[in-house]
Amino acid sequence: MPDATYVFELKVNGTAQEALDQINSRGYFLPYETEGREVVKVGVQFDRETMTIGEYMIG
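Cut-offs used in this document
Residues numbered from 1 in each chain as written. Predicted model: local features only at pLDDT ≥ 70, side-chain atom pairs only at ≥ 80, totals over all residues. Heavy atoms only, no water. Helix = DSSP H or I, 4+ residues; strand = E, 2+ residues; numbered from the N terminus. Buried < 20%, exposed > 50% of the residue type's maximum accessible area, 1.4 Å probe, protein only. Arc of directions from axis to C-beta. Contact = heavy atoms within 4.5 Å.

J.: How would you sum up the overall build of the protein chain? Please name residues and give values.
T.: Per the secondary structure count, the protein chain includes 1 helix and 3 strands. Listed by position from the N terminus, the elements making up the protein chain come as β-α-β-β. With respect to the principal axes defined by its C-alpha atoms, the protein chain has extents near 40 × 25 × 15 Å. Per-residue burial over the protein chain gives 34% buried out of 59 residues.

This is how it looks when you write it as structure tokens:
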């Protein structure tokens, strides 16, 4: 995306909040902060039973 960088973390056995927490705690977004674009963090919970996204959070 020309105006933003998206950092995703997907959790199969966890929550969207846990995915966002991991993005923050492990600093996955840090290499992109100096590019001059907005950094959008997206935590995704993947539902193994339905094989779909169960929930997501943008943080």
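J.: An account of unusual backbone geometry is needed here, citing residue identities and associated values.
T.: The backbone phi angle of Met51 is positive, close to 60 degrees, even though this residue is not glycine. On the accessibility criterion, Met51 (56% relative accessible area) is exposed.

J.: Lay out helix α1 (residues 16-25) in plain terms, naming residues and giving numbers.
T.: All of the buried residues in α1 are Ala16, Ala19, Leu20, Gln22 and Ile23. Buried residues of α1, viewed axially, fall in a sector of 160 degrees; they line one side. Of the surrounding secondary structure, the elements contacted by the buried residues of α1 are β1 (4-11), β2 (38-47) and β3 (52-58). At the C-terminal side of α1, Gly27 shows a positive phi close to 65 degrees.

Nothing here speaks to function; it is geometry throughout.
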